[in-house]
Amino acid sequence: MFTAELISKLLLISFSCAWDNKIWEKVDLKIRQLIYETSKQYQNNFKSRYGKVRLSGSNTERELSEIYVPIPCSDCHHKPTAEESYRSKVFKPELAIDDTVCYRSIFDRVNENQYLILVGKVGSGKTLTLKYIALEALSQDENCLYIHNKIPVYLDLNSHLYSDREIHEIIVEEFEIAGVPDAHNFAETTLKRGDLLLLIDSVDDLSQSQQSIRLSEVSALVERFPSNRYILARKEEIPFGNLLGFNSSYVHPFGESEILSFINKWFDCQDDSFGKLLLKVFRERALFPLDFLRSPLLLTITCSSFSKANASSSNVLVLYENALKTLLIDWSREKGIDTSDNVAHLKEEILSRLALKASQNLDNASLKIEVIETFSIPETRNLDSTDSTNPSQLLHEFQYKHGILEQNSDGSYRFAFRSIQEYLTAYSIIFLNHYLNIFLESHISDRQWRNIFILAAGIKNSDFLISSMLNHMNFLLMTPRLRKLANRIEEMTSTTQNTVRDSRKTGLILSVLIDIIITYQDNCKFRKTLFSCNSQINNILSKRQKISIETYTIDPKLLRYLDELALINISNSLAKKLLNSNALKDTEKIQKFSDKLENILIFLRDKSKHELTARLSRQKISDYLYQYWLTLLDLKPGDLEFETEDIEALKDYLYAYDLIFKCKDYSRQISPQIVDKIGKSFMPIKHEFKPSQ
């Protein structure tokens, strides 16, 4: 019989396909065949057990070798401050990589370091990377990425959670399962010879006491068998005193190139055209959680939600639900964490409250540990006092088990995914109806809360939410000048029955007034902002209110190039816009004004440019038309001379109105009465509004 040492040598040769080695020349053909079959059995067994990717909570399986994308890593780790984290998530491009980090290939680090700790967040791809390294070590391809001739052994310590076997015994068990002859002696021999690549996973899924025991075993194994290669995956860095000689490599989120590569592999594309198309769809879709794409786990969930035939078919809101369910329940179940209904509901409630707290302070969106524990304690009192519902344990699980919270350098915490924070905040404000008016008063015009309100509309019936938003939207216009102008617009608005609703008429009149200010008001300080506001009004009227209008808003950059005829022609166009819309009660004056302008245009077109400029200056024509419009609409000059507070209020009002339409579009359920109310609610300022306290 062959010794375990010889079997080890032969298996290594078999793995490397070195059939011309001199050792084989001394081996009987039948024995050679047996060794070959043993090596193939080990490879096939490994691939069947660890070579597939199964999505948590799903029966979907994919070959790891077909979809794996090497994760970016670096030699150093920078834990951001609360402000840095906030700024990177709000102001940086969604898929940009940190250009201050020197990235390296994971296989460069693995090949260089005999003892390596792979440090990364939950769902960052550590487990898949360990398995892929093993597949490369088993590969017979001459271009394989792993360069050392070692027998890989993958050790998932979480699967031995309740076992009292030591790591040495678990290695023997792995060889027994693979059908290696005399597995105990084989394991001992390969360890002594340094023939193994030990890939140790799920240390952080154990309890603190179990972690300490397992790490001591790893340390003892390294000390006893130093010639093997060791890779340990962790969610946090181990102090070097615990594992001497180990270097750390830090896993980073996917950048755009890794995301494209993964999408193309997932959908089996020959080139990157489909990946770019799908990424474009993701970017253009409102509410799409782009930060999910940077996590290999959540990117997998995202791709599985979309079909290649119809990349836009998935309901975006379902992605949020699936992501939270995966991190909080499915992923936890695989790691042996308590996922009972009571505990899962408790965690979701606590996270929702924490998300609301963080969102109310978006200048840094950080959470002090005292706040987290304070929010947790009242909820945990309702359950049995166990480790899984202890506030400190919950915080540990939120960070290291579920990957939902991250720690800042100052010890405070933040949500790992801003999209999940927004979704949980939306969940909170929907189920805290008695606080809704307070949230709206503070945040209805806050652009950073935009996604929160839209998501809230998609969680359940949105009638109460949108009705409250309409009330607070009207309050935004309560500057004295805007209130006076809005009331004057309402007074001049036609009340006769026709095809244009009253709220649409007020929008048309306001649009014309802003055009007049932009074009003719000599001392206007806000032309650029008013141009933006008017474009938004026209968008509301044409797209949201589904009314066909012509737009005459002049870009302020072009005003200096307008001649005298153009200034007159703009006024004529604005007058016709009012006439065609039937928006005014008194159209007779507007009609006479339009006729007068037509006659002036005919007269002036017959004159040469020299004669025209000799008689009239551009400024005189502009001043004349501005004063004529004020008289025609019974306005005083001060009525249209906006200050900063008026401009900001108008911007906020238009933003809020467009936001309400977005909420309507994403509503899970909304009554026809509320839809009708939205359409009629543009600038109804006849009454004073006081928000509910």
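Residues numbered from 1 in each chain as written. Predicted model: local features only at pLDDT ≥ 70, side-chain atom pairs only at ≥ 80, totals over all residues. Heavy atoms only, no water.

Okay, the confidence of the model for the protein chain next. Reading predicted coordinates in detail is not appropriate for stretches of low pLDDT. Mean pLDDT over the protein chain stands at 79; residues scoring 70 or higher make up 77%. Confidence drops under a pLDDT of 50 for residues 380-387, and excluding neighbours within four residues, the segment shows 9 contacts in the predicted structure. Counting interchain partners and residues more than four positions distant, the pLDDT-below-50 stretch residues 685-693 has 23 contacts. (pLDDT = per-residue confidence, 0-100. Contact = heavy atoms within 4.5 Å.)

Our next topic: the pairing of strand β4 (residues 115-119). Of all the 5 residues making up β4, 5 are buried; the element is thus mostly covered by neighbouring parts of the structure. Residue alternation in β4 divides its side chains into two sets, Tyr 115, Ile 117 and Val 119 and Leu 116 and Leu 118, and both sets are buried. Relative to strand β7 (residues 229-234), β4 is paired through 5 bridges, and the arrangement is parallel. Within β7, the position partnered with Leu 118 by the bridge is Ala 233. (Buried < 20%, exposed > 50% of the residue type's maximum accessible area, 1.4 Å probe, protein only. Helix = DSSP H or I, 4+ residues; strand = E, 2+ residues; numbered from the N terminus. Pairing = 2+ DSSP bridges.)

Here we come to the sheet that holds strand β8 (residues 247-251). With mixed pairing, the 6 strands of this open sheet are ordered in space as β3-β8-β4-β7-β6-β5. In the strand order of this sheet, the two ends are held by β3 (73-74) and β5 (151-156), each with one partner. Where β5 and strand β6 (residues 196-201) come together, 6 bridges link them in parallel fashion. Residue pairing in the sheet places Val 153 in a bridge with Leu 198 of β6. Contacts from helix α8 (residues 167-177) reach β5 and β6 within the one sheet, and its direction differs from that of β5 by about 115°. (Axes fitted to C-alpha atoms, helices over the stretch in contact; angles between N-to-C directions.)

It is worth spelling out unusual backbone geometry at this point. In this model, Asp 268 sits at a positive phi of 55°, which is unusual for a non-glycine residue. In this fold, Asp 268 is placed in the loop between α11 (256-266) and α12 (273-284). On the basis of relative accessibility, which here comes to 56%, the residue Asp 268 falls in the exposed class. The backbone of Asp 634 sits at a positive phi, close to 60°, despite the residue not being glycine. With respect to the helices and strands, Asp 634 occurs in the loop between α28 (618-632) and α29 (644-665). The exposure class assigned to Asp 634 is exposed, which follows from its relative accessible area of 57%.

What follows concerns the nonpolar core. The tendency in soluble globular proteins is for nonpolar side chains to be buried as a group. One finds Ile 171, Phe 175, Leu 530 and Trp 629 to be the most contacted residues of the largest nonpolar core, which totals 203 residues. Counting residues per element, this core draws most heavily on α29, which supplies 12 residues. In this structure Ile 171 touches Val 153, Leu 155, Ala 187, Leu 191, Leu 196, Leu 198 and Leu 221, once residues within four positions along its chain are discounted. (Core = buried A, V, L, I, M, F, W, Y, C linked by side-chain atoms within 4.5 Å.)

In this section: the pattern of salt bridges. A full pass over the atoms with the stated rule returns 29 salt bridges. With a closest N to O distance of 2.4 Å, Lys 52 and Glu 63 form a salt bridge. One end of the pair, Lys 52, is in strand β1 (residues 52-54); the other, Glu 63, is in strand β2 (residues 61-63), with 11 residues separating them in the sequence. Of the charged contacts in the structure, one is a salt bridge between Glu 217 and Arg 214, with a shortest N-O distance of 2.9 Å. Remark: Arg 214 and Glu 217 occur in helix α10 (residues 208-224); sequence separation between them is 3 residues, near one turn of the helix. Taking the relative accessible area as the measure of exposure, Arg 214 reaches 6% and is therefore buried. Within the structure, one salt-bridge network assembled from shared partners comprises Asp 75, Arg 104, Arg 109 and Glu 112. (Salt bridge = Lys/Arg side-chain N within 4 Å of Asp/Glu carboxyl O.)

In this section: helix α22 (residues 480-492). Residues that lie three or four places apart on an α-helix share one face, since the helix turns once every 3.6 residues. Given a rise of 1.5 Å per residue, 13 residues ought to cover 18 Å, and the 19 Å separating the end C-alpha atoms of α22 matches this to within 8%. Residues of α22 that are buried: Leu 482, Leu 485, Ala 486, Arg 488, Ile 489 and Met 492. Along α22, the residues classed as buried sweep out an arc of 160° about the axis, all on the same side. (Expected span 1.5 Å × (residues − 1). Arc of directions from axis to C-beta.)

The subject of this paragraph is the packing of aromatic side chains. All told, the structure shown has 23 aromatic pairs when counted by the stated rule. The interplanar angle of 75° and the centroid separation of 6.1 Å between the aromatic rings of Phe 107 and Tyr 132 together place this pair among those described as edge-to-face. Pair noted here: Phe 107 is in helix α6 (residues 106-112) and Tyr 132 is in helix α7 (residues 126-138), with a separation of 25 residues, a long-range link. Tyr 132 matches Phe 107 in its accessibility class, with the two residues each being buried. Over the ring of Trp 266 we find Arg 62, and its NZ or CZ is 4.7 Å from the ring centre. Geometry around Tyr 655 places Arg 447 over its ring, the cationic atom sitting 4.2 Å from the centre. (Phe/Tyr/Trp six-rings, centres within 6.5 Å; stacked < 30°, edge-to-face > 60°. Lys NZ or Arg CZ within 6 Å of the ring centre and 35° of its normal.)

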